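Each chain, letter by letter, is given below.
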Amino acid sequence: MKMTIVGAGNVGSALALALAGREEFSIQVVDRSEEALDRLEDLNIAAELRTYRHEEELQKILSDGDLTVAAVPQGIVPQIATAAARSNTHYLDFVCATPETLSILAPLAEQRAVFTGCGVSPGIIGNVAYGLLEAFAPVTDLTIRVGAIPKVSTNRIGYGQIWNVDGLIDEYTQPSAAVRDGKAVMLSPLENYGHLSIDGVRYEEFVTSGGLADLSIFGDPGPRNVTFKTIRYPGHLDYVRFLLDDLGLRNRRDALRSLLYNGLPVISDDVLLLVVTARGYQRQRPIERTICHRFSPNPVSGRLNALTSVAIGYAATLLAMLNRRDIPPVGFVPHHAIDTETLLSSPFLKPLTSTARHGCDGNARHTISS
């Protein structure tokens, strides 16, 4: 399968690094920025690197391949989706699908496989939540939590640069899709504060945006209440509110962005937590089940943090399944419905979970409250 990765940034470079050299894939990475491609060239990976100047040139490049991966910021995704649709290639991206993007990709899905939202959140967290619902029906309340945090908290805010700072600001300032009493609603970020303890380590949780845009994956009727939250070390939320509200940076994005970029350390040794709690009733008795997955960086590669490794590991697993025809080659792919354990046993994800999941399997040792 000849794959064209559009975007030589953090995600695109990581995916190329994970797949280059594997016999089943031929990789090329394209980007408008020669500087970004130069950084990727320094990694000495087995991938072709090309620049492009305009959309027509990009479309021609894509037409020579089998699959297009949009590893670009959300605002550029429609442009890449349009080029992929005109080039008639399979397609994958990492962001929440918007009505605009779905409309662009609909004709393509009649002829090729189309994957949207294939990172961590959206991405594998939807798969974990869906799998729990399937095994634990009926469910009245579903709480979905994602936390990418430093392995060791060394500053007062308990955080650092783990992902994209602009994406982090969006999480903290944009409304969050949720379900209340069976109806789709939008919740204010930084609300619905709670705390949880996993294997003796205490964390806090609160609502953030962008984690799960497509609530329809949980069926109709689904849980009466669905909430998406972020996991952080205790005290983090107070500092975030101080920056946004007390210092007035909520409406001064450039200043906030500059502060976070220059003030937060870059974190390579992180931990990614996926924690989903389902509550329901059986024989009129309230019951609850929690599943937790913990991921750490791959000690062999040593180049990528856990969050990036899981994001590209999930996407790479899906693409390998497509290449083996384990996934139909046509249509919008409901990757949330694939068996979670099958995904986690893939060579792209298993090394990230083999040691870290011990003692974190959703059993009674976890105390979670909110």
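These numbers were taken from a predicted model, which means no experiment stands behind them.

### Considering the confidence of the model for the protein
At step 1: Put simply, the protein has an average pLDDT of 91, and 95% of its residues get 70 or more.
At step 2: Below a pLDDT of 50 lies the segment residues 354–370, which in the model reaches 44 contacts outside its immediate sequence neighbourhood of four places, other chains included.

### Brief notes about empty space enclosed by the protein
At step 1: Evaluation of the coordinates by the stated rule reveals two cavities of 30 Å³ or more.
At step 2: In this structure, the largest cavity encloses a volume near 100 Å³.
At step 3: In this structure, the largest cavity is lined by Ile157, Tyr159, Leu168, Ile169, Tyr172, His236, Val240, Leu243, Leu244, Leu256, Leu260 and Leu264.
At step 4: Listed by contribution, the elements that provide at least two residues to the lining of the largest cavity are α7 (165–173), α8 (236–246) and α9 (253–263).
At step 5: A per-element tally of the lining of the largest cavity places α8 first, with four residues.
At step 6: Residues of the lining of the largest cavity, tallied by class, amount to eleven nonpolar, one polar and no charged.
At step 7: Empty space within the second largest cavity amounts to approximately 50 Å³.

### Brief notes about the packing of helix α4 (residues 77–87) against helix α5 (residues 99–109)
At step 1: Relative orientation of the contacting elements α4 and α5 amounts to 10°, with a least axis distance of 9 Å. Compared by their axis directions, α4 and α5 come out roughly parallel. The residues of α5 that touch α4, namely those facing Val77, Pro78, Ala81, Thr82, Ala84 and Ala85, are Glu100, Thr101, Ile104, Leu105 and Leu108.
At step 2: Of the residues belonging to the contact of α4 with α5, the class tally is eight nonpolar, two polar and one charged.

### Re the layout of surface pockets
At step 1: Considering only enclosed or pocket space, the second largest pocket measures out at about 430 Å³ in volume.
At step 2: Taken together, 23 residues make up the lining of the second largest pocket; nearest its centre are Ala97, Thr116, Asp214, Ile217 and His335.
At step 3: When contributions to the lining of the second largest pocket are tallied by element, the ones reaching two or more residues are α5, β6 (113–115) and α6 (124–135).
At step 4: Of the residues in the lining of the second largest pocket, the class split is 14 nonpolar, eight polar and one charged.

### Side note on the nonpolar core
Soluble globular proteins tend to pack their nonpolar side chains together in the buried interior.
At step 1: Ile124, Ile144, Phe218 and Leu272 are the most contacted members of the largest nonpolar core, which totals 91 residues.
At step 2: Here this core gets 13 residues from one element, more than from any other, and that element is helix α10 (residues 306–323).
At step 3: Residues within four places of Ile144 in sequence aside, it is in contact with Ile125, Ala129, Leu212, Phe218, Val226, Thr227, Phe228, Lys229, Val275 and Val276.
At step 4: By size, the runner-up hydrophobic cluster in this structure holds 19 residues, among which are Leu62, Tyr91, Leu108 and Val114.

### Observations concerning the pairing of strand β13 (residues 270–282)
At step 1: With ten of 13 residues buried, β13 lies mostly within the body of the structure.
At step 2: Sheet analysis places strand β7 (residues 141–150) next to β13, joined by ten bridges and oriented antiparallel. Pairing of Val146 across the sheet is with Leu274, part of β13.
At step 3: Between β13 and strand β14 (residues 285–295), which pair antiparallel one after the other, the connecting turn spans two residues, and Arg283 there sits at a positive phi close to 55°.

### Regarding the pairing of strand β11 (residues 201–207)
Regular strands place their side chains on alternate faces of the sheet.
At step 1: With five of its seven residues buried, β11 lies for the most part within the structure.
At step 2: Sheet analysis places β11 next to strand β12 (residues 225–232), joined by four bridges and oriented antiparallel. Directly across from Val207, in β12, lies its bridge partner Lys229.

### Comments concerning the pattern of salt bridges
At step 1: Within this structure, the stated rule accounts for 15 salt bridges.
At step 2: Residues Arg145 and Glu205 are paired through a salt bridge, measuring 2.3 Å at the closest nitrogen-oxygen approach. One end of the pair, Arg145, is in strand β7; the other, Glu205, is in strand β11, and 60 residues separate them in sequence.
At step 3: Of the residues examined, Arg145 reaches a relative accessible area of 0% and is grouped as buried.
At step 4: Accessibility expressed as a relative area gives 0% for Glu205, which makes it buried.
At step 5: The network of salt bridges with shared partners includes Asp166, Asp170, Arg253 and Arg257.

Reading the values: rules and limits
Residues numbered from 1 in each chain as written. Predicted model: local features only at pLDDT ≥ 70, side-chain atom pairs only at ≥ 80, totals over all residues. Heavy atoms only, no water. pLDDT = per-residue confidence, 0-100. Contact = heavy atoms within 4.5 Å. 1 Å grid on protein atoms, 1.4 Å probe; cavity = no way out; pocket = protein on both sides within 12 Å on 5 of 7 lines; lining within 4 Å. Points joined across faces, edges and corners; volume = space filled by probe spheres on them. Helix = DSSP H or I, 4+ residues; strand = E, 2+ residues; numbered from the N terminus. Nonpolar A, V, L, I, M, F, W, Y, C, P; charged D, E, K, R; others polar. Axes fitted to C-alpha atoms, helices over the stretch in contact; angles between N-to-C directions. Parallel < 35°, antiparallel > 145°, perpendicular 65-115°, else oblique. Core = buried A, V, L, I, M, F, W, Y, C linked by side-chain atoms within 4.5 Å. Buried < 20%, exposed > 50% of the residue type's maximum accessible area, 1.4 Å probe, protein only. Pairing = 2+ DSSP bridges. Salt bridge = Lys/Arg side-chain N within 4 Å of Asp/Glu carboxyl O.

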